[in-house]
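Coordinate analysis (summary)
This is what each chain is made of:
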Amino acid sequence: MQPEEAKKPVIELDGLTVQFGSRTILSDLKASVSGRAIGLLGPNGAGKTTLLHTLLGFHEPKRGAARIFGHDVTTEGREARRLLGYMPERDAFIAGISGVRFVRLMAEMSGLPSEEALERAHEAFFYVGLGEARYRNVETYSYGMKQLAKFAQAIVHGPRLLLLDEPTNGLDPPARARMLRLIRQVRDSGSAHVIISSHLLKDVEDCCDEVLVLKEGRIATYCNLEAERRTNRKFLLVETRGADRAAFAQAVEKLGAECALAGERRIKVVLPAEVEVQSLFEIAAEQEIQIRRLDYKRDSLQEIFLRAMEA
Amino acid sequence: MAVYARTYRSYAGPFVSERARLFVLTRYGLADLFRSKAFLALFVLCFVPTVVAMVRIYLAHNAEFLDMFNVPSQAVEQLLAISGSFFRGWVLVPAAVAAFWIALFGGASLVSPDFRNNAMPLYLARPLSRSEYLAGKLLALLIPMCAVTLAPALLLFGLQCLFAGAAWIGDYAWVGASLVVAILAWNLVIALFSLALAAWVKWRPVARLLMIALPLLASAFGHAANGIFGTTWGLVLSFWSILGAIWESLLRLPENTATLSAGTAWVMLTLVGLASLGLFYRRIKAYEVER
Amino acid sequence: MSDDRIVFDNVSKFYGEVLGVNHVQLSIAPGITGLVGPNGSGKTTLMNLATGLIQPTAGTVRVLGLATNDPERLFRVVGYASQFDSFPPGVSGRQFITAYLRVHGYTREEAGRRAEAAIARVGLSDASERKVAAYSKGMRQRIRLAQAIAHDPRVLVLDEPLNGLDPMARAEVIQLFQDLAHEGRHVLVSSHILHEVDLISDRVVLINNGYLVAEGEISGVRTEMSEHPVQVFVRCRDPRFLAARLFEQDHTVEVRLHDDLQGLLARTRDPDRFHLLLNRLSVQHPLGIEAVGPADDDVAAVYDYLIGDTGSPS
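The structure presented is a predicted model; accordingly, all values stated were derived computationally and were not measured. (Residues numbered from 1 in each chain as written. Chains lettered and ligands numbered in written order. Predicted model: local features only at pLDDT ≥ 70, side-chain atom pairs only at ≥ 80, totals over all residues. Heavy atoms only, no water.)

With respect to the side chain of C:Lys43
Residue and element names in this part refer to chain C. This is how the line gets drawn: Secondary structure counts use DSSP, requiring at least four H or I residues in a row for a helix and at least two E residues in a row for a strand, with both numbered from the N terminus. Each residue is placed in one exposure class: buried if its accessible area under a 1.4 Å probe, protein chains only, is under 20% of its type's maximum, exposed if it is over 50%, and partly exposed if it falls in between. All tallies of charge rest on Lys and Arg as positive and Asp and Glu as negative; His and the ends of each chain are not included. What counts as a salt bridge is simple: a side-chain nitrogen of Lys or Arg found within 4 Å of a carboxyl oxygen of Asp or Glu. Note on contacts: a residue pair qualifies if any of its non-hydrogen atoms lie within 4.5 Å across the two residues.
Relative to the elements of secondary structure, lysine 43 occurs in helix 1 (residues 43–50). Glutamate 160 is the oppositely charged side chain nearest to the buried, salt-bridge-free lysine 43, at an N-O distance of 4.6 Å. Setting aside residues up to four positions removed in sequence, lysine 43 forms contacts with Leu35, Val36, Gly37, Pro38, Ser190, His192 and Ile207.

What follows is the structure, given as structure tokens:
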């Protein structure tokens, strides 16, 4: 990565407005996005896919601009697309040729020389776990395999920004876990940023450090998940077993915390700043009660999303 | 022992220049076409008329050896004399037919797979423009088409020049140019026609069927219109009439049937070409908008 | 034969030579039942058997006491939403539901009323006049759901009903399922999103390769898997100290430090003693515990154990 490019934000939206005929789909979007992995969320019809398509140069903005690593997607579309890898939501492949040939073609279309493209195509197939099937024609692949092949063609040319549209759509649990693992690996490699558009908040929570939430063509919120998670650390959910839950809760309240019993075994606790989690265990040791579960609120993304929708 | 972890590795190697990008499509297209045994057989078959024509040209100039068989060589040479109608009947007609069949099979093979399973977004998400996609595929189709039409034409014309001598060449060099123009024009238009059909109809057999059916239907309609209205304008709908008119004009042949004027024919051919180009171009888009 | 259950009695289904399901024995009570398994495992076969769309090759299926080869009576009590996205062209949402209800035998007024109610329940009232072909994927999903509930069935069989829905719509539809279950209905839901299955299901059925792998409430399934010790994760500042102390215990089977060295994963045969030990240790030593919890007390963990990641996709 060139030093100048490293300082540029991954995506800049500068008053971006996109219309289809007379319908406004995206309205005056302004943001400067630079996380490692960014979740793109929003209800159906909010404009997520249109935003991705605009970044890919499929639509021309009516007003404003969008830039990827500093390249305007309209005037410098080719430079921008050189740095992109795209995994569309729908099935996308070329029937009648083998998996390796398909991904090799895509690599060459991205500008790789012929031999390098072949090497990278094989590598990509092994990396996503389709090594055994790479000589088979793509139309013989199962749905999950086609998704992985789609992912392979998105990464084969080593893009700096991956655009993934519903990458886990329709995948069964092991395939979904594999896909998320691959996405996290790419993110952690440091050589590519990832944008994931998804309806599954858990997937986004697991992979992303920032989220951009769209609503009715506008940005409802853009925030950093890490920061949110840190502020949630004092809100605890505790599950006990073995002795009197109410007595435990009372003792905890004496520390200055707020306690509320929830359900059959759970206790919601809000600790004051000066009290540490350690204290709860001390009380538990005294009362011979087991703390089976203790964790701070992990549904930060759910909250962020709901807040954004209500705003 | 060293253990190598396989993690994601970004690409740090060289990139090919932008210009060369569209030739990748041509290269892959040609490879895919010739992988089919049926296509290869068709390709080879297209050369058969050329071989026969070569023999005929030879006989037209060197029939003396026939005297050995008590065949009147003079009469044979008279019969086989090379004239404008030879070039029409033995070069342009086979070329037009060969080009048509190559385009029929090749167009659908080259383009339908890309549209049938939504591969266009994958192409267009790369530094590739719609024109480059079009150009790459067109070239992949034109190359085999020209190989079975242009190359044999030039070969036959060259052979005729060789046998006929400098005097003939002086008078008839323009025939060579006419052949090239006629063949290239038809090749280009019919290639675009085939590609446009294949782009709009995603299933190969149907695209091919349409490519046969549409011209036939149009021609039949034109002839019917002629009969009903008592004109000859219906002939604009017939590829055969269009070609005939163009060839007559290019080869300066005497008009022997009531046909179109060359000007009209050229206009029609151009219109078909432009319409096909436009239709193909419109089909190259990265998404289907859901209303 | 209980009249409030869906019963599969040693059911097998073969499509020619291809196996659908084999020797399935199930009795499904009212409430929300999650159906979980890889693609091709037999989930759709099971659902088609429950709705009478196919008949078993062997064994019998009875839904609330009714035989499944009697569509007249069966479809009055069963509503089905498949995962396939095809609709008759040119109809609006309301027309689609109303037509379906008319086939059921309702009068025009009744059909209209019920259609409105169903459409309102899935939150599509604004869009009911528009053509279904113009709906987004999520809306098509919801209109299918509306069709399944419109005739007020006691049993709902839903194939991936949350597919394509945005987070808010998911929450609304989940609430709908819970309301329906509260009303005493059977709601059979198949899904790949395991944490949602966890959230909404009263019980779970796991199926793999056409065979029933497990069924019951999650904690129930767990306790039956006694050959698998319990996994517990602990996030703390000093996992090494904790690990060393845990290894001294005879109930500890395995301890693994997290990659970031800020926690560990322990497997123990005696969770009670484990947790009490944790209390004592954190008093003795500043462990800095941030979080504790069972690492496998959910559908995802059970799925992993019993079905697992079968290596490379094939």
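Let us keep going from here.
Description of the environment of C:Asp70
The residue C:Asp70 is located in the loop between strand 5 (66–67) and helix 2 (71–77) in this model. A sequence separation of 39 residues divides C:Asp70 from C:Glu109, and the C-alpha atoms of the two residues are 27 Å apart.

Considerations on the packing of aromatic side chains
Aromatic ring pairs are defined here through the distance separating the ring centres and the angle between the ring planes. All names here are of chain B. Quick note on the threshold: Planes of paired rings set the category: under 30 degrees apart is stacked, over 60 is edge-to-face and the rest tilted, where pairs are Phe, Tyr or Trp rings (Trp by its six-membered ring) whose centres lie within 6.5 Å. Two thresholds decide whether a charge sits over a ring: the Lys NZ or Arg CZ must be within 6 Å of the ring centre and within 35 degrees of the ring normal.
Summed over all chains, the structure comprises 19 aromatic pairs over all chains. Judged by centre distance (5.4 Å) and plane angle (85 degrees), the ring pair of phenylalanine 43 and phenylalanine 47 falls under edge-to-face. Taken together, the ring pairs connect Phe86, Phe87, Trp90, Phe157, Trp168, Tyr172 and Trp174 into an aromatic cluster. When the ring centre of tryptophan 174 is taken as origin, the NZ or CZ atom of arginine 252, which lies over that ring, is 3.9 Å away. The side chain of arginine 283 reaches across the aromatic face of tryptophan 200, ending 5.0 Å from its centre.

A short note on the packing of helix 5 (residues 137–149) of chain C against helix 6 (residues 167–182) of chain C
Residue and element names in this part refer to chain C. Note the threshold: Helix axes are fitted to C-alpha atoms over the stretch in contact, other axes to C-alpha atoms as well, and angles between N-to-C directions run from 0 to 180 degrees. Should an angle fall under 35 degrees it is called roughly parallel, over 145 degrees roughly antiparallel, and 65 to 115 degrees roughly perpendicular, with every other angle called oblique. Charged residues are taken to be Asp, Glu, Lys and Arg, nonpolar residues to be Ala, Val, Leu, Ile, Met, Phe, Trp, Tyr, Cys and Pro, and polar residues to be all remaining types, Gly included.
Closest axis-to-axis distance for the helix 5/helix 6 pair is 12 Å, and the angle between their directions is 10 degrees. Here helix 5 lies roughly parallel to helix 6, going by the angle between them. Residues Arg142, Leu145 and Ile149 of helix 5 pack against Ala169, Glu172, Val173, Leu176, Phe177 and Leu180 of helix 6. Taken together, the residues that form the contact of helix 5 with helix 6 break down as 7 nonpolar, no polar and 2 charged.

Quick word on the interface of chain A and chain B
A common measure of how large an interface is: the accessible area buried when the components associate. The test is simple: Buried area adds together the accessible area that both of two parts lose upon being put together, with accessible area traced by a 1.4 Å probe. Think of a polar contact as two N or O atoms within 3.5 Å of one another; within protein, one of them needs to be a possible hydrogen donor and the other a possible acceptor, and neighboring residues in sequence only count if both atoms come from side chains.
Listed as interface residues are 45 residues of chain A and, on the opposing side, 39 residues of chain B. Together chain A and chain B conceal approximately 4,000 Å² of surface at their shared face, both sides included; 57% is due to carbon and sulfur atoms. Where chain A touches chain B, the interface holds 6 salt bridges. The closest approach of N and O atoms between B:Arg27 and A:Glu108, which form a salt bridge, is 2.7 Å. Counting every contact that joins chain A to chain B gives 19 residue pairs in polar contact (both at pLDDT 80 or more). Counting residues per element, the ones that place at least two in the side of chain A that touches chain B are helix 3 (77–82), helix 4 (99–109), helix 5 (114–128), helix 6 (143–155) and helix 7 (173–189) of chain A. In terms of residue count, helix 4 of chain A provides more of the side of chain A that touches chain B than any other element does, 7 residues in total. Grouping the amino acids of the side of chain A that touches chain B by side-chain chemistry returns 23 nonpolar, 10 polar and 12 charged.

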